[in-house]
Amino acid sequence: MHDSNASHDECDLPFIPVAKVGEIPVGEGRTYEAGGRLVALFFDGTKYMAIDDLCPHMGASLGSGPMRDGVVVCPWHAWRFQLCDGAWCDGTPRDTPRLRVDVFEVRVVDDRVEVRVTPPRPLVTPR
Ligand code: FES
């Protein structure tokens with residue numbers, strides 16, 4: 001059966017080159033435009049991780065926020081998001097599973113870091 005809510009089409013989306021290996025210093029992030037969206041790409045020294053760049057609070061660029069232990073801190077009001085799944089770290093147990101930023105698949109091909117950018121999904125904000 002076909003599930004219209006599943007990410008069934010994501011495998012058809014192309015990987016888009018956004019950065020060169022070595023371009024992002026260890027422990028930092030950078031913001032790139034790809035697939036019509038802004039992508040925050042981080043490098044922790046071993047792997048790259050990509051999330052939606054726009055903070056769901058007031059739209060700050062998460063790619064410019066400090067990153068530590070797999071969590072990025074928004075540079076404007078310090079909301080924190082996990083890079084592995086995009087989950088907001090600071091909500092109540094009721095809010096936290098619902099509020100998250102999109103996470104994008106990343107791969108490295110030769111000296112290129114590529115991201116598979118999915119279309120935006122409806123934003124859920126806490127009350
Ligand atoms: S804009 Fe990110 S916490 Fe306010």
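The structure presented is a predicted model; accordingly, all values stated were derived computationally and were not measured.

Asks: How should I be thinking about the overall build of the chain in this particular structure?
Replies: Helix and strand content of the chain: 0 helices and 9 strands. Across the chain, helices and strands are ordered from the amino to the carboxyl terminus as β-β-β-β-β-β-β-β-β. For the chain, restricting intrachain contacts to residue pairs at least 6 apart in sequence, the fraction spanning at least 24 positions comes to 41%.

Asks: Can you walk me through the sheet that holds strand E1 (residues 15–20) in this structure?
Replies: Each strand in a sheet pairs with another by means of backbone hydrogen bonds, the pair being arranged parallel or else antiparallel. Taken together, 6 strands build an open sheet; the order of strands is E1-E9-E8-E4-E3-E2 and the sheet is antiparallel. Two strands close off the open sheet at either side, each with one partner strand: E1 and strand E2 (28–34). Pairs of neighbouring strands in the sheet enclose a mean axial angle of 30°, with direction left out of account. Sheet topology note: the E2/strand E3 (residues 37–43) ladder contains 7 bridges and is antiparallel. Its bridge partner being in E3, Gly-29 is matched across the sheet by Phe-42.

Asks: Would you mind showing me how to read the pairing of strand E8 (residues 103–109) here?
Replies: The side chains of a regular strand alternate between the sheet's two faces. In terms of strand pairing, strand E4 (residues 48–52) meets E8 through 2 bridges, oriented antiparallel. Paired with Ile-51 across the bridge in E8 is Val-103. In terms of strand pairing, E8 meets strand E9 (residues 112–116) through 5 bridges, oriented antiparallel. For Glu-105, the partnering residue across the bridge sits in E9 and is Arg-116. The turn joining E8 and E9, which pair antiparallel and follow one another in sequence, is formed by 2 residues; a positive phi near 55° is taken by Asp-110.

Asks: I'm lost on the sheet that holds strand E6 (residues 71–73) in this one. Help?
Replies: If you walk across this open sheet you meet the 3 strands as E5-E6-E7, and the pairing is antiparallel. Of all strands in the sheet, those with a lone pairing partner are strand E5 (67–68) and strand E7 (80–82), marking the two edges. Pairing between E5 and E6: 2 bridges, direction antiparallel. Paired with Arg-68 across the bridge in E6 is Val-71.

Procedures and definitions
Residues numbered from 1 in each chain as written. Predicted model: local features only at pLDDT ≥ 70, side-chain atom pairs only at ≥ 80, totals over all residues. Helix = DSSP H or I, 4+ residues; strand = E, 2+ residues; numbered from the N terminus. Contact = placed C-beta atoms within 7 Å. Pairing = 2+ DSSP bridges. Axes fitted to C-alpha atoms, helices over the stretch in contact; angles between N-to-C directions.

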